[in-house]
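# Close look at the chain arrangement
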Amino acid sequence: MSFIVQTVHLTKKYRNQIALQNVNLLIEQGTIYGLLGPNGAGKSTLIKHLVGLLRPTEGQVLLFGEPWRREHLWHIGALIEGPALYGHLTAWENLAVHATLLGVPKNRIDEALEQVDLRNVGSKKAAQFSLGMKQRLGIASALLSRPKLLILDEPTNGLDPAGIREMRGLIHRFCQQGMTVLVSSHILAEIEQVVTHLGIISKGQLRYQGRLRDLLAQGQQRVELETPQLQQAYRLLQPSFPALRVEGQKLVLPNPGAVTAQIISLLTQHGIAVTKIDTVQDDLETLFLRLVESGNYR
Ligand SMILES: Nc1ncnc2c1ncn2[C@@H]1O[C@H](COP(=O)(O)OP(=O)(O)OP(=O)(O)O)[C@@H](O)[C@H]1O
């Protein structure tokens, strides 16, 4: 298996604060890897190590199967902390500045504009662009070097739902074109539809890493029950179902098996009304929050 990115026991300390702790990131070639975590989890710190903006306190970064070298950056396109654009220049001229700095031929500019669906507005000034267009222009400049790995740090930040959808479409397309994409976000819903693999980071530690579908498969079922006689129902059911708990206005039974009929029968025999009873599967958000809060899932 070939890994485009690998970190080995990567640890970063800022004075007294540990921003990354023993992180072993593995990104396979050809995947869309979502790095997900709440604010301050360590996503940007991790990404900055990949592009050489930070050096590890301990541990190692490997790119394309080799220890990190500056030359690897030729094969990496990155959009970190928003695009650096000149508002008074057109989209094309903005890319021309970057192309000159990178030393890549100017014919790449139209190609990059095409890749992010901005070809027809290449002569428009960047200052007139919407936030979504500015983000796409930033990505176009990251594409000028025809990278093998594209790193997008919170690319959906501040975008409206249409802009978020467009961004997901682009990421899919980049992957189909052969790029490996690393995309970070603190909002699960923004990336869960696009990623193939997921790394969940919290307080500087990687809490989960693997396929999105494998994480979903770890989800548990539970029965959720609503009744106007909550306490009575709890007292009645608890001896038969010791794992039963009260959550807000509901009774919740984790890992229930086929017990719904038994619960309804017990309650109705004792004259307790059931307003609603459902078997619910953990969704990704529930799993994500559990990982982030407990920190001990694997
Ligand atoms: N230059 C710095 N000096 C000291 N502490 C820092 C520095 N940069 C980041 N940190 C701390 O390291 C931790 C990780 O920060 P980081 O920016 O990597 O998180 P993040 O997951 O990218 O968050 P966000 O989604 O808010 O950007 C945070 O607690 C942050 O306060």
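Residues numbered from 1 in each chain as written. Predicted model: local features only at pLDDT ≥ 70, side-chain atom pairs only at ≥ 80, totals over all residues. Heavy atoms only, no water.

Going by an unreviewed UniProt entry, the protein carries the name ABC transporter domain-containing protein and comes from Thermosporothrix sp. COM3. Per UniProt, the protein has the following entry under Sequence similarities (unreviewed entry): "Belongs to the ABC transporter superfamily." (UniProt positions renumbered as here; feature names shortened; annotations may be inferred.)

## A short note on the overall build of the protein
The helix and strand inventory of the protein stands at ten helices and 15 strands. Its C-alpha atoms give the protein a radius of gyration of 24 Å, clearly above 19 Å, the size a compact globule of 298 residues would have. If one aligns the C-alpha atoms of the protein with their principal axes, the spans along those axes are about 80 × 45 × 35 Å. Every one of the 298 residues in the protein was classed for burial, and the buried ones make up 47%. Contacts in the protein between residues far apart in sequence, at least 24 positions, make up 67% of those at least 6 positions apart. (Helix = DSSP H or I, 4+ residues; strand = E, 2+ residues; numbered from the N terminus. Rg over C-alpha atoms; globule rule 2.2 N^0.38 Å. Buried < 20%, exposed > 50% of the residue type's maximum accessible area, 1.4 Å probe, protein only. Contact = heavy atoms within 4.5 Å.)

## Concerning the environment of Leu170
For Leu170, the location among the structural elements is in helix H5 (residues 161–176). Leu170 gets classed as buried once you look at its relative accessible area, which sits at 2%. Apart from residues lying up to four places away in sequence, Leu170 is in contact with Gln115, Val116, Asp117 and Arg136.

## Description of the layout of surface pockets
Quantified by volume, the largest pocket comes out at close to 610 Å³. Gly77, Ala78, His98, Leu102 and Ala142 are, among the 19 residues lining the largest pocket, the residues nearest its centre. The element best represented in the lining of the largest pocket is strand E7 (residues 76–79), accounting for four residues. Considered class by class, the residues forming the lining of the largest pocket number 13 nonpolar, six polar and no charged. (1 Å grid on protein atoms, 1.4 Å probe; cavity = no way out; pocket = protein on both sides within 12 Å on 5 of 7 lines; lining within 4 Å. Points joined across faces, edges and corners; volume = space filled by probe spheres on them. Nonpolar A, V, L, I, M, F, W, Y, C, P; charged D, E, K, R; others polar.)

## What about the domain arrangement of the protein?
Considered domain by domain, the protein is made up of domain 1 (1–215) and domain 2 (219–280). Distance from the C-alpha centre of domain 1 to the C-alpha centre of domain 2: 46 Å. (Domains from an automatic or database assignment.)

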